[in-house]
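# Descriptive structure summary
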Amino acid sequence: MADKYPKSDLIDEQAQVLIVDDDRDNLDLLTHMMEHEGYHIQTAKSGEEALNSVKENPPDLILLDINMPDMSGYEVCQILKNNPASEKIPIIFLSALDTMDDKMEGFKSGGCDFITKPFQLEEVLARVGVHKDLHQLQRKLALEVEERKKAEKELQIVTRNLALRVQSLACLHGISRIMERTDLPLEELFQHTVELIVQSMPYPEKTAARITFGNESFQTHNFQPAALMQTSRIDLNEKATGMIEVSYLGDQPDGRAELFFEEGRELIYTISRHLGRVLERKEMELEMMDAKEAAETANRFKSEFMANMSHELRNHMHHILSYARLGIEKIPKINIEKILHYFDRIKQSGENVQVLLNDLLDLSNLDSGKICFNFAEASIFKIVSEVVTELQPIAIENGQQIELERSDIKLNVVCDQAKIGQVVRNLLMNAIKITPCHKKISFAFSDSEVIRDDQSLPALRVSITDQGKGLEENNPDEIFDSRIQHNNESKSGGLGLAICKKIIQEHQGRIWADNHPDGGAVVSFELPYVHN
């Protein structure tokens, strides 16, 4: 049993599953299988026992039998869905009832999926895995939304406090009113402040002012350097980023000049401090707007990505279940060749699911930095040759020819041999998929250079040219974006090309795609000969 159901690395070892079934054999079988997959299991043999279990220790997912003696699974589901504490828990029905009415009743009561008995353990694992992942993503998204609301609330409090401080620091002759207008563009804010500084001074007819911020200056029409001048820094994030200069344009220092300094000094300091706070608030508001927009974009891409992945998994599972059902129904009526055909299609769909899950795992590990790279000097030509030898039978079966160009240049680089082999394998498989019969795929090697820390370093370029339909002209490098599903010939590759990009980036190289002048596409990657 342990060999038949290998543990999946995608399963969250903390996931809690409640299995509800009045049949002890079913409970034991499902418990053994799910615990082997890394789930924490709770069991219940009746509806009442299940409700108590959920109340005491809410699970991440429930497998619920429909036909139970004391309370049906439909009733249990409705009770759970009517309780705010348990309404979000995904519920998958287990039942020998398989009519459309039975399934519709299950969905109406709040179930998210339906598995017909006698169930296939692989199907149970697949459905539980999908709904567990979706449930965990929904919870994570809810937490992120809650955190964003909290941050927005904190920003509102900070903004309100800043507004109160603006009022408390109100200066003479309307300075505070201008400072409160943080909706003004910086140019208008500084220009209004300059003019009101003059009006606020004891002798405005003898006063000129200028604010220097960055590379720009804002000044009154009569500004000129004078013997009597006082200045104050404008600090933004504890750094001096600007300067206020106020000049007294009288002929000689006299009593009025002393009054100018005594009454004007604190006013200038107050204005400069307040300007710094206003600018910090504007900077923070811009950062929050950028962060909010980035979070919304990331959430949108995440939702689209999960929808695409769910669609792919559902398609493959539909093929598996359909051919399995056909084989079961037609065993007495068809020959062994037809049955073998059904098994072959099931195997192909299963392998597609495995590839998709492996790609998802690789992409996740690369994003989180969990994959270790083993760098050592290796021959790129040898890596490419081994991959070509491995995939040559597929190309021959498709009537394609793979050409490997010999080269006299240095072909040894410091790299992770296994990871670069994965890159070459993904790129070659992609080229095989999109190259027509009786066409060729070619590899070429050349010297190049990459930019690292503003320095140009010698590098090796590997180019794979196919004879397919080519790439879309507007954005050929879009094929490396994991957020976009690539289902047609001009944009094939899916997650494999996104993985290639991340591996090459970890090698401090670069990868790109372009159309070939004679037709088809060229995908190239460059690796520095020496890795830092």
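Described below are features of the structure shown in this document.

Conventions used here
Residues numbered from 1 in each chain as written. Predicted model: local features only at pLDDT ≥ 70, side-chain atom pairs only at ≥ 80, totals over all residues. Heavy atoms only, no water. Helix = DSSP H or I, 4+ residues; strand = E, 2+ residues; numbered from the N terminus. Buried < 20%, exposed > 50% of the residue type's maximum accessible area, 1.4 Å probe, protein only. Contact = heavy atoms within 4.5 Å. Areas by Shrake-Rupley, 256 points an atom, 1.4 Å probe, with all protein chains shown as cover. Axes fitted to C-alpha atoms, helices over the stretch in contact; angles between N-to-C directions. Left-handed = near helix turned anticlockwise from the far one by under 90°. Nonpolar A, V, L, I, M, F, W, Y, C, P; charged D, E, K, R; others polar. Pairing = 2+ DSSP bridges. Salt bridge = Lys/Arg side-chain N within 4 Å of Asp/Glu carboxyl O. 1 Å grid on protein atoms, 1.4 Å probe; cavity = no way out; pocket = protein on both sides within 12 Å on 5 of 7 lines; lining within 4 Å. Points joined across faces, edges and corners; volume = space filled by probe spheres on them.

What follows covers the overall build of the chain. Helix and strand counts for the chain stand at 12 helices and 16 strands. When each of the 532 residues of the chain is scored for burial, the buried share is 43%. In the chain, of all internal contacts separated by at least 6 residues, the share reaching a separation of at least 24 is 66%. Split by element, the accessible area of the chain, about 29,100 Å² in all, is 50% carbon and sulfur.

With that out of the way, let us pick up the environment of T435. Structurally, the position occupied by T435 is in the loop between α11 (417–434) and β13 (440–452). By relative accessible area, which is 5% here, T435 ends up buried. Sequence separation between T435 and Q400 is 35 residues; the distance between their C-alpha atoms is 7.7 Å. Among residues more than four places away in sequence, those in contact with T435 are Q400, K440, I441, D466, Q467 and G468.

Turning our attention to the packing of helix α10 (residues 380–397) against α11. In the contact formed by α10 and α11, the axes pass within 9 Å of each other and the chain directions differ by 40 degrees. When the axes of α10 and α11 are compared, the crossing they make is right-handed. For the pair α10 and α11, the contacting residues are I380, I383, V384, V387, V388, E390, L391, I394 and A395 in the first and Q417, I420, G421, V424, R425, L428, M429 and I432 in the second. For the contact of α10 with α11, the per-class residue count stands at 13 nonpolar, 2 polar and 2 charged.

Another point: the pairing of β13. Pairing geometry for strand β11 (residues 401–404) and β13, over 4 bridges, is parallel. The residue bridging L404 from the neighbouring strand is F443, located in β13. Pairing geometry for β13 and strand β14 (residues 455–465), over 11 bridges, is antiparallel. Across the sheet, R452 pairs through a bridge with Q455, a residue of β14. In this structure, the hairpin formed by β13 and β14 is closed by a connection of 2 residues, where D453 is found at a positive phi of approximately 55 degrees.

Turning our attention to the pattern of salt bridges. Note on pairing: side chains with opposite charge can pair once their charged atoms come close. Scanning the entire structure with this criterion turns up 12 salt bridges. Here R127 and D113 are joined by a salt bridge, their closest N and O atoms 2.6 Å apart. With R127 in helix α5 (residues 121–168) and D113 in strand β5 (residues 113–116), the pair connects residues that are 14 residues apart, well separated along the chain. D113 gets classed as buried once you look at its relative accessible area, which sits at 12%. Its salt-bridge partner being K419, residue D416 comes within 3.8 Å of it at the nearest N-O pair. The class of K419 is buried, set by a relative accessible area of 15%. Several salt bridges share partner residues, and in doing so they unite D113, E123 and R127 into one network.

One pass over the structure, following the stated rule, counts 3 cavities of 30 Å³ or more. Its boundaries defined by the atoms lining it, the second largest cavity holds a volume of some 50 Å³. Looking at the second largest cavity, the residues that line it are L427, N430, A431, I434, I464, D466, A521, V522 and V523. It is α11 that provides the largest number of residues to the lining of the second largest cavity, a total of 4 residues. Classifying every residue of the lining of the second largest cavity gives 7 nonpolar, 1 polar and 1 charged.

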